[in-house]
Each structure stands twice: as C-alpha cells, then as structure tokens.
Amino acid sequence: MPRMRIKSILIATFAASSMTILAQDQPIRIHAATILDGTGRLLRNATIVVQGSKISAIEATASGPATYELGRLTIIPGMIDVHAHLGWHFGKDGRFPDHPGTAAEEILYSAENAYVTLMAGFTTIQSPGQPNDVELRDLAARGIFPSPRILTSIRQLNERSGTADEIREKVRQLKKDGADVVKIFASASIRDGGKQTMTDEQLQAACGEAKAQGLRTMVHAHSPESIKASVNAGCQQIEHGVFADEEVMKLMADKGVYFDPNIGVVLQNYLRNKPKYLGVGNYNEAGFAYMEKGLAINAAMIKKAVATPNLKLVLGTDAVAGAHGRNADEIVERVKQGNQKPMDAIVSATSLSAKSLNLDRTIGTLAPGYEADLVALDGDPASDITAVTRVVFVMKGGKVYKHVASGAGHGTNH
Ligand SMILES: [Zn+2]
C-alpha cells in the first residue's frame, strides 16, 4: 500500500511537471488589424507569436488560432519614457511635500507611479536622480510586480559636486553602485532662468569619466550655452532644452547627441496642479510665471527641433507628481505642437528611445528575438495620434499586465 502511494504520487508529480513544461512551451499568438513595428513599418492583419519572454515570429496573416484576438486594435512596441521621476508623488495632505516621507512611504509612492506608468503602455522608463530606484528596478526585474523596466541614475551631479577630480571619483562610485546612466545638471531650472551652472571643466570631467566607465550621460540644460558646453564636453543626451536655438539644435544633430525635449507633460502638469506645488522651494509665483511663459517657448522650440535634419529626438516627459500615467500626452503634443509625423513620433517613443538607452537590440522594436513588450491602442495613431493615450492591452516580457476586453470587443468595422 505505501509503495503504491509513492508510485501514484510520482506519476502525478511527473504529469504535473510535464504539463507545466508544455504550458511554458505553448506560444502566445496575438492577432491585430494593424501592427506598427517601431521602426516605421506597418503591417495589416498580422500575428505576433510570443515564446517565453520574447517575440519568436511575426506572421503576415491573422488567420489561424489566436490566444488574444485584438480585432481592429493597433499594436505598437511598449512605449519608452527616457525621463520620468518615479519618486515624485503628492503627500498625505494632497500637496507636494517639502521634505521626503518615511522610507516606506517613498518606495510605495514610487511603486504606485510605476504601476500607473505601465498601465499607460510604458514598458521601460529611465528615472533620474532617485536613490531608491535601485530597489524598485530590482523589484521590476523579478517580473512579479507590475512595473516598467527601470533604468536609474541613482544620484545626480551639479555645480556643487566638486572639482574635476572629485566629479570623476563620483562617476566611478556611480558605476560601482550600479547606475545605468549619469544625470548631470548643466543649467539652472527654468524657474530660475535656465543659465549654465556647471563649468566647462566640470562638464568635461563628468561626461569624460562616464564615457571611460562605459556609462551613458543625460544632461539637464536649458540655455544654448549650457547645451553647447555639454555637447562639446562629449555628453550624449540633452534634457529639456527650453531655450535651445537653431544653432545648438544643428550642433546636436551634427554630433549625434540625443535631444529629449519635454513639451507636452511637465509644464502642463505643474500649471494644472499649481495649488499643490505653490510655496515649496522655487515653486513660487515668479517660478510659475516662468513656466507659464515656457509653454509658448516650448511650442516654438519643438517646431524647430522637429524640422532640424538628423536631430535624434527621443521621448521623455520629465513626469513629476501628478503626471505619472499621462506620459503619452508627450507624443500627442509632439504631433500637435511640433508638427511631427505620427509615425515619427511613435518611432521616437519606441526604437529610437531604445537606441538612446543602448537597448535597441532588446526592446523598442517588434521583431523576432526582441523582448515581447507590446501594447494595443484603441484607434489608429497614424490618423488620430490621441490613440496612444487609449491603451487597452499591455504585455511586458511576454506577460500580459492589462487587457481591457471592451477595447477589442466593439469593433467590427475594419
Ligand atoms: Zn527631470
């Protein structure tokens, strides 16, 4: 009798484990009317086949069985935001806090922001200057908690970071601590006029040492002279650039420097949430007046940036408290204010942003061998760019995190 029991348990265990293996081997097949692959290519009525965490094939037919029948929806690669401040969140009183909360509050606020960002279709984000991003990045990488992939600078460098030698040492320490990128402040905030703050020597030390350590650099720079100094120091990516003129845009294009203008989310969010920020630090009436003026300056700047030949525009929002989950508004405003072609805006938010992160062989494109990061939109962004704000399906690394059935259900007109 005991012998029989052991035998049957063994059989049951074997059967269960072989079934598990079978289930893992089973590919997921996703049909949709339109697929934009992230590099500018468009496919009609195709099937994406996912095996494990990766795309194994894209079939040019939507016949055959589907695990997810997405009907008339449009599939694009999971979107990428190269500049979002995951740690920023309003406090218990609903206002922007002037001091950090407890460690537990802070990390849970970040986790909330990560969740709403993923639900908005952003499967990868770069979060500058937040030390507890390291724990959050590791949480996301374990693949249980719903979060975008996270890249972090951990800390940031600015004009108070010391001599050139001290800055080089700080960059080496960032490398040891596992930073994905070095965040540098070359200019003041727009609320303080945006003038260059770090010296040319400090910038050369920061970007030179980062390059030597194999680390990417992203530089907060508003004024033309701070942008020029950063580009000439060998820095790889310029953030914001509210006062960027045609000369520095051409310089960035010539040097292959990525430009990450933030014209559609951050200032609009501050102005929408003014009562929640007003009175903290430089969030005063003068600061808000600068930001109000910044809207029109940004609108003129982005038109010039889009029109600059070969300028590599990546997609970043600078999302702060109140803005998480509205990241795709940046894409909409690129098209509306900047006259960027919808397809170019989508390429910017996917394959080009992936390239800026040195992840262009892994994410940002729908093709065999890439991570299965994809989202489905209710609408066709080529004719109505606001479709990028209607995300009804989110898959990251082959795992479905969101599937709103109604999005696929009511469409019969394709
Ligand atoms: Zn920022």
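Everything below is about the structure printed above this text.
One structure accompanies this document, and this report is about it. (Residues numbered from 1 in each chain as written. Predicted model: local features only at pLDDT ≥ 70, side-chain atom pairs only at ≥ 80, totals over all residues. Heavy atoms only, no water.)

### Details of the side chain of serine 127
Take serine 127: it is sitting in strand β7 (residues 122-127). Polar contacts involving the side chain of serine 127 include one to the main-chain carbonyl oxygen of alanine 84, which spans 3.3 Å. (Helix = DSSP H or I, 4+ residues; strand = E, 2+ residues; numbered from the N terminus. Polar contact = N/O pair within 3.5 Å; in protein donor to acceptor, adjacent residues only side chain to side chain.)

### As for the packing of aromatic side chains
Applying the stated criterion across every chain yields a total of nine aromatic pairs. When the ring of tyrosine 270 is compared with that of tyrosine 283, the centres are 5.2 Å apart and the planes differ by 45°; the resulting orientation is tilted. Linking tyrosine 270 in helix α8 (residues 266-272) with tyrosine 283 in the loop between α9 (274-277) and α10 (285-307), this pair joins segments that are 13 residues apart in sequence. Take tyrosine 270: its relative accessible area is 5%, and that puts it in the buried class. The class for tyrosine 283 is buried, based on a relative accessible area of 5%. In textbook terms, an aromatic cluster arises when at least three aromatic residues are bridged by ring pairs, as seen for Trp88, Phe90, Phe96, Tyr270, Tyr277, Tyr283 and Phe288. Here the guanidinium or amino end of lysine 293 rests over the ring plane of tyrosine 290, the centre of that ring lying 5.3 Å away. Seen from the ring of tyrosine 258, lysine 312 lies directly overhead, with NZ or CZ sitting 4.4 Å from the centre. (Phe/Tyr/Trp six-rings, centres within 6.5 Å; stacked < 30°, edge-to-face > 60°. Buried < 20%, exposed > 50% of the residue type's maximum accessible area, 1.4 Å probe, protein only. Lys NZ or Arg CZ within 6 Å of the ring centre and 35° of its normal.)

### Structural notes on the packing of helix α6 (residues 224-232) against helix α7 (residues 246-255)
Between α6 and α7, whose axes approach to 10 Å, the crossing angle comes to 15°. By the angle class used here, α6 and α7 are roughly parallel. The hand of the α6/α7 crossing is left-handed. Here α6 contributes Pro224, Ile227, Lys228, Val231 and Asn232 to the contact with α7, which in turn contributes Glu247, Val248, Leu251, Met252 and Lys255. (Axes fitted to C-alpha atoms, helices over the stretch in contact; angles between N-to-C directions. Parallel < 35°, antiparallel > 145°, perpendicular 65-115°, else oblique. Left-handed = near helix turned anticlockwise from the far one by under 90°. Contact = heavy atoms within 4.5 Å.)

### Things to note about the pairing of strand β10 (residues 181-185)
Across the five residues that make up β10, a large majority, four, are buried. Summarising the sheet, strand β9 (residues 156-157) and β10 pair through two bridges and their orientation is parallel. Considered in β10, the bridge of leucine 157 is made with isoleucine 184. You can see the chain leave β9, run along helix α4 (residues 164-176) and come back into β10, and the turn it takes is right-handed. With five bridges joining them, β10 and strand β11 (residues 216-221) adopt parallel strand pairing. Each residue of the ladder has a partner; that of phenylalanine 185, found in β11, is histidine 220. Once the chain exits β10 it traverses helix α5 (residues 200-212) before rejoining the sheet at β11, and the crossover so formed is right-handed. (Pairing = 2+ DSSP bridges. Right-handed = clockwise from strand over helix to strand, strands pointing away.)

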